[in-house]
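Fold and geometry: a report
Each chain is listed here by its residues.
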Amino acid sequence: MSNPTLPQDFFLGAAFSGPQTEGRWAEDGKLENLWDTWSIENIDDFYNKVGSYVGNDFMTMYEGDLKLYKETLGLDSVRTSIQWSRFLDENGEINPAGAEWYHRLFAAAKAAGIEMFVNLYHFDMPTYLFRRGGWENREVVDAYENYARKAFAEFGQEVRCWFTFNEPTVEPEQRYQEGNWWPFIKNFNRARTVQYNISIAHAKGVQVFREAQSAGLMLPDARIGLINAFMPPYTKENPSEADLEAVRMIDGINNRWWLDLVTKGQLPQDVVETLAERGCVLPIRPGDDEILARGTVDWLGCNYYQPTRVQAPSRDVDEAGCPVFADKYVWPDAVMNESRGWEVYPKGIYDFGMTAARDYPDLEWFVSENGMGIEGEYKNRDEAGQIQDDYRIDFVRQHLTWIAKAIEDGAHCVGYHYWGAIDNWSWNNAFKNRYGFIEVDLMEGYQRVPKKSAAWLHEVATTHVIS
Ligand code: BGP
């Protein structure tokens, strides 16, 4: 049987973010963001005590990295994020040194033949705004609107593909609901307030993008999107009514919420109603419907790592008095990436594509992140010192194969970005789990060394044949 192929105009690239790569956390007027503050307050929370300060040293290495992307990996496009805390000062005015860095980066990417996709917010709230209430305070939504407006005006002629947020489900969950990220809040209802206000901020971001377009500030073919982690929901075989209800709400909160917002400019009414019935009242203000209506996008990014498996909850309410809609369901057949504790289920991306094609037929989307982080990867070096990461080749091959099938079956998927194509800083996991096709050698001044998978990826990216 011949190898599956991807369409010739399908793009292949990579994704990363400002806070996980740039480094130079306190130079040239950069303000502290929440990751810097957490690193300062308790470095012991970070794997091997590696805080946010250096990223993967991208601000030093960026020209070489862009060459690696293009020449060694064969990629055509790369996403990063602007750091709000680097670009603007505490008065919401442009920090010239911060702006200068992004101008330099976008020019270097262009010279290297890499199209730069730019996202505005990647879990990196400036700390002074968090201290004013963060996403729980509508004034911070206004501050985001100002940030977006200034970013479009400053870089509108340099960048074509823009995104308002990366994974707006994650900060509510990790920082406000599960208490995994500083300052470790555990409150489902506060998490939903944050989710709601981020939705308003997204819609305002799209609105100022459209205004910048009308004012002639953007490139003629500029586009705006949202990136979210879409985790197709599954439950047990032969589910009960209560299991299916758990699926409805978890799918509603994590997936449909954002899909409805970006395609219809509204939130799923059934989800909002059930939340209210269970005592989780969103901070809806008069006029919000009109704001949300402006949140429809040109296209969507889908980050896919793992599916969600849920079942009916064993209790209705948690310790904080907040509603519980589901418990985890452990599928006995699950294949795990033990390093990260995430299930590997490549067919999930196909299922997402088919659901999107059925329920949101006009939506164009791409896989904006997908990747495999492995702990202790240095143990897989061969005699010449190269990491032999056949598992990564296998992981990407399987996902690309399901994407090719989804396209064949009618999914409107136009590209693929691998997460962390060069090893980078994974939040409080720091450099524990490595994602790259290119190793970052922390013992050798952050030196970049291609792993075995790099040559394989180059072949696929330049031929579109999944070998
Ligand atoms: C996504 C984030 C990325 C990245 C990735 C891998 O959720 O958008 O920022 O970190 O997951 O996860 P981790 O680094 O936690 O292993």
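Residues numbered from 1 in each chain as written. Predicted model: local features only at pLDDT ≥ 70, side-chain atom pairs only at ≥ 80, totals over all residues. Heavy atoms only, no water.

**Thoughts on the overall build of the chain**
- Tallying secondary structure elements over the chain gives 15 helices and 17 strands in all.
- Relative to its length of 467 residues, the chain is compact, with a C-alpha radius of gyration of 21 Å against a globular reference of 23 Å.
- With the principal axes as the frame, the chain shows a C-alpha extent of 60 × 55 × 45 Å.
- The contacts in the chain between residues at least 6 apart in sequence include a share of 76% that link residues at least 24 apart.
- Taken together, the 45 basic and 71 acidic charged side chains of the chain have centroids lying 1 Å from each other. (Helix = DSSP H or I, 4+ residues; strand = E, 2+ residues; numbered from the N terminus. Rg over C-alpha atoms; globule rule 2.2 N^0.38 Å. Contact = heavy atoms within 4.5 Å. Lys, Arg positive; Asp, Glu negative; His and termini not counted. Charge placed at Lys NZ, Arg CZ, Asp CG, Glu CD.)

**Some details on the site of the ligand**
- Among the 13 residues in the neighbourhood of the ligand, the closest are listed as Gln20, Glu167, Arg340, Ser426 and Tyr435.
- Histidine 122 is positioned with one of its side-chain polar atoms (N or O) 2.8 Å from an oxygen atom of the ligand.
- Note that an oxygen atom of the ligand is positioned 3.0 Å from one of the side-chain N or O atoms of tryptophan 427.
- In isolation the ligand offers 370 Å² of accessible surface; the protein chains occlude 93% of this area.
- For the shell around the ligand, the per-class residue count stands at 6 nonpolar, 4 polar and 3 charged. (Near = heavy atom within 4 Å. Polar contact = N/O pair within 3.5 Å; in protein donor to acceptor, adjacent residues only side chain to side chain. Areas by Shrake-Rupley, 256 points an atom, 1.4 Å probe, with all protein chains shown as cover. Nonpolar A, V, L, I, M, F, W, Y, C, P; charged D, E, K, R; others polar.)

**Some details on the sheet that holds strand 8 (residues 308-311)**
- Pairing is mixed in the open sheet, where 3 strands are placed in the order 6-8-9. Each having just a single partner strand, strand 6 (233-234) and strand 9 (327-328) make up the two edges of the open sheet.
- Packing of helix 10 (residues 241-264) onto the sheet brings it into contact with strand 6 and strand 8, and relative to strand 8 it is tilted by some 140 degrees. (Pairing = 2+ DSSP bridges. Axes fitted to C-alpha atoms, helices over the stretch in contact; angles between N-to-C directions.)

**Digging into the environment of valine 335**
- For valine 335, the location among the structural elements is in the loop between strand 9 and strand 10 (336-337).
- Judged by its relative accessible area of 52%, valine 335 falls in the exposed class.
- Not counting chain neighbours up to four residues away, the residues in contact with valine 335 comprise Trp342, Glu343 and Val344. (Buried < 20%, exposed > 50% of the residue type's maximum accessible area, 1.4 Å probe, protein only.)

**With respect to the pattern of salt bridges**
- Taken as a whole, this structure holds 36 salt bridges when the rule is applied.
- As a salt-bridge pair, arginine 358 and aspartate 359 come within 2.8 Å of each other at their nearest N and O atoms.
- What makes arginine 358 exposed here is its relative accessible area of 60%.
- Take aspartate 359: its relative accessible area is 38%, and that puts it in the partly exposed class. (Salt bridge = Lys/Arg side-chain N within 4 Å of Asp/Glu carboxyl O.)

**Description of the side chain of arginine 138**
- With respect to the helices and strands, the residue arginine 138 is situated in helix 7 (residues 138-155).
- Leave out the neighbours within four places in its chain, and arginine 138 touches Tyr196, Asn197, Ile200, Pro283, Arg285, Asp288 and Ile291.

**Description of helix 5 (residues 96-112)**
- Between its first and last C-alpha, helix 5 extends 24 Å over 17 residues, near the 24 Å set by a 1.5 Å rise per residue.
- When helix 5 is considered as a whole, its buried residues turn out to be Gly98, Ala99, Trp101, Tyr102, Leu105, Phe106, Ala108 and Ala109.
- Those residues of helix 5 that are buried lie in contact with helix 3 (58-72), strand 2 (77-81), helix 4 (84-87), strand 3 (115-119) and helix 7. (Expected span 1.5 Å × (residues − 1).)

**Considerations on the nonpolar core**
- Of all hydrophobic cores here, the largest spans 145 residues; its most connected members are Ile82, Trp135 and Trp162.
- In terms of residue count, helix 9 (residues 188-214) provides more of this core than any other element does, 12 residues in total.
- In terms of nonpolar packing, the next biggest core, distinct from the first, is built from 7 residues, Phe117, Phe163, Ile227 and Phe366 among them. (Core = buried A, V, L, I, M, F, W, Y, C linked by side-chain atoms within 4.5 Å.)

**Some points on the sheet that holds strand 4 (residues 161-166)**
- If you trace the 8 strands once around the closed barrel, you get 1-2-3-4-5-7-12-14, paired in parallel fashion. The sheet shows a mean angle of 30 degrees between the axes of neighbouring strands, direction not considered.
- Taken together, the 4 bridges between strand 7 (residues 299-303) and strand 12 (residues 365-369) define a ladder with parallel strand orientation. Each residue of the ladder has a partner; that of asparagine 303, found in strand 12, is glutamate 369.
- In this fold helix 7 packs onto strand 4 and strand 5 (223-229), with an angle of close to 160 degrees to the strand it touches most, strand 4.

**Remarks on the packing of aromatic side chains**
- In total, this model carries 55 aromatic pairs according to the counting rule given.
- Centre to centre, the rings of tryptophan 84 and tyrosine 147 are 4.9 Å apart; their planes meet at 10 degrees, and the pair counts as stacked. Taken together, the residues span a long stretch of sequence, with tryptophan 84 in helix 4 and tyrosine 147 in helix 7 at a distance of 63 residues.
- Judged by its relative accessible area of 0%, tyrosine 147 falls in the buried class.
- Look at phenylalanine 87 and phenylalanine 155: their rings are 5.3 Å apart centre to centre, the planes differ by 45 degrees, and that puts the pair in the tilted class. A residue pair is termed long-range when its members are at least 10 positions apart, and phenylalanine 87 in helix 4 and phenylalanine 155 in helix 7 qualify at 68 residues. A single burial state applies to phenylalanine 87 and to phenylalanine 155, both of which are buried.
- Here the basic side chain of arginine 223 rests over the ring of tryptophan 299, its NZ or CZ set 4.5 Å away from the ring centre. (Phe/Tyr/Trp six-rings, centres within 6.5 Å; stacked < 30°, edge-to-face > 60°. Lys NZ or Arg CZ within 6 Å of the ring centre and 35° of its normal.)

**Focus: helix 3**
- An ideal rise of 1.5 Å per residue puts 21 Å on 15 residues; helix 3 reaches only 17 Å between its terminal C-alpha atoms.
- Looking only at helix 3, the buried set comprises Phe58, Met59, Tyr62, Asp65, Leu66, Leu68 and Tyr69.

**Brief notes about the packing of helix 14 (residues 390-408) against helix 15 (residues 452-463)**
- Where helix 14 meets helix 15, the axes come as close as 8 Å, and the angle between the chain directions of the two elements is 25 degrees. As far as their axial angle goes, helix 15 and helix 14 are roughly parallel. Here helix 14 and helix 15 pass one another in a crossing that is right-handed. Contacts between helix 14 and helix 15 involve Asp390, Arg392, Ile393, Val396, Arg397 and Leu400 from the first element and Lys452, Ser453, Trp456 and Val460 from the second. (Parallel < 35°, antiparallel > 145°, perpendicular 65-115°, else oblique. Left-handed = near helix turned anticlockwise from the far one by under 90°.)

**A word on the pairing of strand 5**
- Counting buried residues along strand 5, 7 of its 7 residues qualify, which places the element largely inside the surrounding structure.
- Sheet topology note: the strand 4/strand 5 ladder contains 4 bridges and is parallel. Along strand 5, the bridge assignment pairs tryptophan 162 with isoleucine 224.

**Quick notes on unusual backbone geometry**
- Of note, the amide linkage connecting tryptophan 182 to proline 183 takes the cis form, showing an omega dihedral of 0 degrees.
- The topology assignment puts proline 183 in the loop between helix 8 (170-177) and helix 9.
- Positive phi, normally seen in glycine, also occurs at arginine 24, with a value near 45 degrees.
- In this fold, arginine 24 is placed in the loop between helix 1 (18-21) and helix 2 (34-41).
- A residue is classified by how much of its surface remains accessible, and arginine 24, at 32% relative accessible area, is partly exposed.

Geometric descriptors of this kind do not, in isolation, establish any biological role.
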